[in-house]
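# Descriptive analysis of the structure
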Amino acid sequence: MDEEEVSLDHPRATSLRIRAKLAHGFKIGITSAFGLFAHGRGEAFDYLIGEETTKNSTRAIRAAAASLLLARHPVLSVNGNVAALVPQELVKLAEISEAKLEVNLYHRGGGREEAIAVVLRESGAKEILGIGSAASATIPEICSDRRRVDPKGILIADTVFVPLEDGDRTEALVKLGKTVITVDLNPLSRTAQMSTITIVDNIVRVMPLLIKTAKQLETETEQNLQKIVKAFNNEQNLCESIERINNRLKRLAKLSRDT
Ligand code: ATP
Ligand code: MG
């Protein structure tokens with residue numbers, strides 16, 4: 001089913017449209033089969049969270065925007081899922097935060113990097129790092145292709161935005177002393193637990209808000225941006241996300257007991 005074919009009055013239209021975007025991404029060779037599984041895990045957690053942007057997501061988005069604006073070498077890491085879902089938003093965020101875009105895949109080869117570069121260019125990107133032999137540096141302690149990075153990008157970055165990331169690479173990036181910002185619907189994942197700032201929300205809802213917030217904060221002083229970052233507590237934020245899921249389940253269990 002194509003995105004346009006999803007009927008507007010279908011009760012799960014939004015979710016189906018997101019699936020259609022990923023299915024299209026798979027068809028044109030930018031999303032891997034493993035990426036589709038990862039989306040399924042994300043969907044399950046979105047269902048539990050209530051498919052909306054929570055207060056703690058808004059807080060994390062604000063800290064993430066401030067962090068990106070403060071960074072000297074910010075990099076936005078692009079994989080097959082985010083390229084299928086939010087390519088234009090990635091390019092916009094890179095512009096506002098003066099960040100580089102770097103393609104970084106779990107499974108390289110088969111022309112996927114190049115196909116992602118085409119989609120990003122069509123969305124307005126001028127420079128895209130990490131394609132083919134440009135990913136000539138390696139970061140330690142990961143065994144997948146994700147260890148390969150661009151010496152002009154992730155290797156020298158102080159702040160990396162790695163939405164829908166794998167735990168091993170998150171850990172490696174944190175060990176290298178980088179500020180790691182992620183978007184992950186699963187507050188229990190290793191990525192969510194290990195990152196500096198975790199936005200527990202759907203990437204599709206996050207990107208427009210992150211762009212808007214970065215625009216709002218653009219004129220703030222460095223001092224004020226630092227204050228926003230310092231006031232943010234990732235551990236507490238993750239606990240709130242888990243509590244939210246817990247409370248929703250308790251409420252639903254009570255409802256079904258009472259009926
Ligand atoms: P980890 O390796 O961090 O322990 P994992 O192995 O469970 O996590 P991965 O496949 O490595 O999962 O990473 C994908 C992550 O992205 C999952 O936690 C999933 O919940 C999340 N995810 C998938 N789709 C979305 C989405 N649209 N928005 C936000 N998060 C998503
Ligand atoms: Mg993983």
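Structure report, in brief. Note that the structure is predicted; figures quoted are calculated from it, not measured. Each chain has its residues counted from 1, running along the sequence as written. Starting at A for chains and at 1 for ligands, labels are handed out in the order in which the entities are written. pLDDT decides what is reported in this predicted model: residues at 70 or higher carry local features, side-chain atom pairs at 80 or more are listed and counted, and totals for whole chains, interfaces and linings draw on all residues regardless. In computing side-chain properties, one takes all heavy atoms of the structure into account and sets aside hydrogens as well as water.

## Some remarks on the layout of surface pockets
As a reminder of what qualifies: Points on a 1 Å grid over protein atoms alone make up a cavity when a 1.4 Å probe fits among them but cannot get out, and a pocket when they form an open set with protein on both sides within 12 Å along at least five of seven lines; lining residues each have an atom within 4 Å of a point. Grid points are joined across faces, edges and corners, and a volume is the space filled by probe spheres set on the points. A run of DSSP states H or I qualifies as a helix once it reaches four residues; a run of E qualifies as a strand once it reaches two. Both are numbered from the N-terminal end. Under the scheme applied, nonpolar residues are Ala, Val, Leu, Ile, Met, Phe, Trp, Tyr, Cys and Pro; charged residues are Asp, Glu, Lys and Arg; polar residues are all the others, including Gly.
Within this model, the largest pocket holds a volume of roughly 770 Å³. Breaking the lining of the largest pocket down by element, the ones donating at least two residues are α2 (33-49), α4 (80-85) and α8 (190-194). The element best represented in the lining of the largest pocket is α2, accounting for seven residues. Here the residues of the lining of the largest pocket are counted per class, giving 10 nonpolar, 13 polar and eight charged.

## Digging into the side chain of Ser77
Filter applied, for reference: In the analysis that follows, any N or O atom pair within 3.5 Å is treated as a polar contact, provided that within protein one partner can donate a hydrogen and the other can accept it, and provided that, for residues neighboring in sequence, both atoms belong to side chains. Contacts are residue-level and defined by heavy atoms, with any inter-residue pair within 4.5 Å sufficient.
With respect to the helices, strands and loops of the structure, Ser77 is situated in strand β1 (residues 74-78). A distance of 3.0 Å separates polar atoms of two side chains, one belonging to Ser77 and the other to Arg169. What Ser77 contacts, discounting residues up to four positions off in sequence, is Val82, Glu102, Asn104, Ile154, Phe161, Val162, Pro163, Glu165 and Arg169.

## Here we look at the site of ligand 1
Condition: Residues are counted as near a molecule or strand when any one of their heavy atoms sits within 4 Å of it. Accessible surface is estimated by sampling points in the Shrake-Rupley manner with a 1.4 Å probe; for residues, cover comes only from the protein chains shown. Cavities and pockets are treated as containing a molecule whenever more than half of the molecule's atoms lie within 2 Å of their grid points.
Among the 17 residues in the neighbourhood of ligand 1, the closest are listed as Arg41, Asp166, Gly167, Asp184 and Thr191. Here Arg41 contributes a side-chain N or O atom positioned 2.5 Å from an oxygen atom of ligand 1. One of the backbone N or O atoms of Arg190 is found 3.1 Å from an oxygen atom in ligand 1. When ligand 1 is considered free in solution it has 620 Å² of accessible area, and contact with the protein chains removes 87% of it. Placement of ligand 1 is best described as lying within the largest pocket. Counting residues per element, the ones that place at least two in the shell around ligand 1 are α2 and α8. A total of four residues in the shell around ligand 1 trace back to one element, the largest contributor, which is α2. Looking at the shell around ligand 1 residue by residue, the classes come out as four nonpolar, seven polar and six charged.

## Observations concerning the pattern of salt bridges
Using the following cut-off: The term salt bridge refers to a side-chain nitrogen of Lys or Arg lying within 4 Å of a carboxyl oxygen of Asp or Glu. Here's how the labels work: a residue is buried when its accessible area is under 20% of the maximum for its type, exposed when over 50%, partly exposed in between, all with a 1.4 Å probe on protein chains only.
Following the criterion strictly, the structure yields 12 salt bridges and no others. A salt bridge links Arg12 to Glu51, with the nearest nitrogen and oxygen atoms 2.4 Å apart. One end of the pair, Arg12, is in the segment before α1 (13-27); the other, Glu51, is in the loop between α2 and α3 (55-70), and 39 residues separate them in sequence. Its relative accessible area of 32% is what places Arg12 among the partly exposed residues. Put simply, Arg190 and Asp168 hold a salt bridge, and the shortest N to O gap is 2.7 Å.

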